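Structural overview
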Amino acid sequence: MEGKRGENPRFFVAVHVGAGFHSPSNEKSFRRAMKKACLSAAYVLRKSTGGCLDAVIAATKVLEDDPITNAGRGSNLTELGHVECDASIMDGFSGAYGAVGAVPGVHNAIQIAACLAREQIMGSSLLGRIPPMFLVGEGALKWGKSKGVLLPATIPEAERWLITERSKGQWLRVRWHIVLSSLFDLKLGMHTLLD
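One structure accompanies this document, and this report is about it. (Residues numbered from 1 in each chain as written. Predicted model: local features only at pLDDT ≥ 70, side-chain atom pairs only at ≥ 80, totals over all residues. Heavy atoms only, no water.)

Helices and strands together make up the secondary structure of the protein, namely six helices and three strands. In terms of C-alpha radius of gyration, the protein reaches 21 Å, well past the compact-globule figure of 16 Å for 195 residues. By the burial criterion, 34% of the 195 residues in the protein qualify as buried. Sequence separation of at least 24 residues holds for 56% of the intrachain contacts in the protein that already meet a minimum separation of 6. Accessible area for the protein stands at about 12800 Å²; split by element, carbon and sulfur atoms hold 59% of it. (Helix = DSSP H or I, 4+ residues; strand = E, 2+ residues; numbered from the N terminus. Rg over C-alpha atoms; globule rule 2.2 N^0.38 Å. Buried < 20%, exposed > 50% of the residue type's maximum accessible area, 1.4 Å probe, protein only. Contact = heavy atoms within 4.5 Å. Areas by Shrake-Rupley, 256 points an atom, 1.4 Å probe, with all protein chains shown as cover.)

On to the sheet that holds strand S1 (residues 84-90), then. Reading across the sheet, the three strands line up as S1-S2-S3 and stay open at both edges, with mixed pairing between neighbours. Of all the strands in the sheet, just S1 and strand S3 (134-136) have a single pairing partner and so form its edges. Neighbouring strand axes in the sheet, compared pairwise and without regard to direction, differ in orientation by 5° on average. Bridge count for S1 against strand S2 (residues 97-104) is six bridges, and the pairing is antiparallel. Its bridge partner lying in S2, Cys-85 is registered against Val-103. (Pairing = 2+ DSSP bridges. Axes fitted to C-alpha atoms, helices over the stretch in contact; angles between N-to-C directions.)

Turning next to the state of the cysteines. Scanning the model with the defined rule gives zero disulfides in all. Of all cysteine sulfurs in the structure, the one in Cys-52 sits closest to Cys-38, which takes part in no disulfide; the separation is 14 Å. Considering cysteine sulfurs only, Cys-115 is the nearest to Cys-85, which forms no disulfide, with 17 Å between them. (Disulfide = S-S within 2.5 Å.)

Turning our eyes to something else, we now look at the side chain of Glu-119. When you line up the elements, Glu-119 lands in helix H3 (residues 109-122). According to the relative accessible area criterion, Glu-119 is buried, its value standing at 16%. Setting aside its immediate chain neighbours within four residues, Glu-119 contacts Pro-131, Trp-143 and Lys-147.

To continue, consider unusual backbone geometry. If you check the backbone angles, Asn-70 has positive phi at about 60° while not being a glycine. Structurally, Asn-70 is set in the loop between helix H2 (52-65) and S1.

Attention now goes to a nonpolar patch on the surface. Taken together, the side chains of Trp-176, Val-179, Leu-180 and Leu-183 present a nonpolar region at the surface, about 390 Å² in accessible area. For Trp-176, the position within the fold is in helix H6 (residues 165-194). Looking at Trp-176, the relative accessible area reads 52%, which means it is exposed. (Patch = residues over 30% accessible without salt bridge, like charges linked within 9 Å, V, L, I, M, F, W, Y side chains within 5 Å. Salt bridge = Lys/Arg side-chain N within 4 Å of Asp/Glu carboxyl O.)

This brings us to H3. The terminal C-alpha atoms of H3, which comprises 14 residues, lie 21 Å apart, in line with the 20 Å expected from a rise of 1.5 Å per residue. Every buried residue of H3 is accounted for by Ala-109, Ile-110, Ile-112, Ala-113, Ala-114, Cys-115, Leu-116, Ala-117, Glu-119 and Gln-120. One or two steps after H3, the chain reaches Gly-123, where phi turns positive at roughly 90°. (Expected span 1.5 Å × (residues − 1).)

This part covers the pairing of S2. Counting buried positions over the eight residues of S2 gives six, a clear majority of the element. Linking S1 to S2, which pair antiparallel, is a turn of six residues; within it Gly-95 sits at a positive phi near 80°. In this structure, S2 lies alongside S3, joined through three bridges in parallel fashion. Bridging across to S3, Gly-101 finds its partner in Val-136.

The next thing to look at is the pattern of salt bridges. Across all of its chains, the model carries three salt bridges by this definition. One salt bridge in this structure joins Glu-27 and Arg-31, with 2.9 Å as the shortest N-O distance. Placement of both Glu-27 and Arg-31 in helix H1 (residues 27-47) is noted, with a separation of four residues, approximately one turn of the helix. Accessibility expressed as a relative area gives 52% for Arg-31, which makes it exposed. A salt bridge links Arg-118 to Asp-54; the nearest nitrogen and oxygen atoms lie 2.3 Å apart. Linking Arg-118 in helix H3 with Asp-54 in helix H2, this pair joins segments that are 64 residues apart in sequence. Of the residues examined, Arg-118 reaches a relative accessible area of 36% and is grouped as partly exposed. Given a relative accessible area of 28%, Asp-54 falls into the partly exposed group.

By themselves these figures say nothing about function.
The structure is reproduced here in structure tokens:
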């Protein structure tokens, strides 16, 4: 980011909405989500005292909150029908990094990942203990709570917001295909045994 404080800074913000197939019928929704995320990051860079890390967090939160992106709200569900989120962030200046994986019951996993990165920037504790860089599952959730990250009171409470009709419908279709496939495999196995 160029420019001094008080001047009109020059910067470039780019976001993506994930890998994989994106239906052309959803293109407007994807573009709207990306534009909103870029504007959120630009606002942080232009108007607040926040830096690049804060801009990335702002943009990612927008994408995590938009069900079209499959990051956070509207995510694909696990085999058991739950939402587990991943997020990572890196500060290009310091090289500090934070990541979380398979975190249940969190609206914005980027907040926990960013907290990990900020701890890296602060460095070792007085006792020389190196802060974690990558946490997963319930451990990441507990660590985030211990650091003051605002999280829903319970995982079911979070999932009422995270699981959308679209994600639940997709999950039900996949589960049905798994059941049919298992039945077909069982039937095929029975024919092999009888032959």
